[in-house]
Amino acid sequence: MRTSKPGKAPPLRVREVETQIASHHHRQEGIIAPSAEELAGLAAKLESVWNDAQTDARLKKRILRSLIRDIVADVDDKAAEVVAVIHWKGGVHTELRLQ
């Protein structure tokens, strides 16, 4: 994507961003997706990792960010509850009702 006129060099910032994008794409080429068995093995260990005293809040936040796409919250005035819908990255949705 070029933002400059034909025959003119793009601004320095554009070239920097293009270089960063190209570098990112190059790094992604070597990444191999884990197999279903590897993912199942990680999922089986999740509870023990989460509850381990050496697991800090930073790691727990990284785990959550890798699993959750977003959370939408609303108020149900009639039930006097906050309704939170978790949109998981795999496409599943979970509704939580909090008083």
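Let us now look at the overall build of the protein. Of the regular secondary structure elements, the protein holds 3 helices and 3 strands. Taken from N to C terminus, the helices and strands of the protein fall in the order α-α-α-β-β-β. Looking at the 99 residues of the protein, the share that counts as buried comes to 10%. Contacts in the protein between residues at least 24 apart in sequence constitute 1% of all its contacts with a sequence separation of at least 6.

All right, on to the environment of Val 49 then. Along the chain, Val 49 turns up in helix H2 (residues 36-51). Accessibility expressed as a relative area gives 32% for Val 49, which makes it partly exposed. Apart from the residues lying within four places of it in its own chain, the contact partners of Val 49 are Thr 55, Leu 59 and Ile 63.

Turning our eyes to something else, we now look at a nonpolar patch on the surface. Taken together, Leu 46, Trp 50, Leu 64 and Leu 67 make up a surface patch of nonpolar side chains, about 300 Å² in accessible area. Among the elements of the structure, H2 and helix H3 (57-67) are those that each provide at least two residues to the nonpolar patch. Structurally, Trp 50 is set in helix H2.

Rules behind the numbers
Residues numbered from 1 in each chain as written. Predicted model: local features only at pLDDT ≥ 70, side-chain atom pairs only at ≥ 80, totals over all residues. Heavy atoms only, no water. Helix = DSSP H or I, 4+ residues; strand = E, 2+ residues; numbered from the N terminus. Buried < 20%, exposed > 50% of the residue type's maximum accessible area, 1.4 Å probe, protein only. Contact = heavy atoms within 4.5 Å. Patch = residues over 30% accessible without salt bridge, like charges linked within 9 Å, V, L, I, M, F, W, Y side chains within 5 Å. Areas by Shrake-Rupley, 256 points an atom, 1.4 Å probe, with all protein chains shown as cover. Salt bridge = Lys/Arg side-chain N within 4 Å of Asp/Glu carboxyl O.

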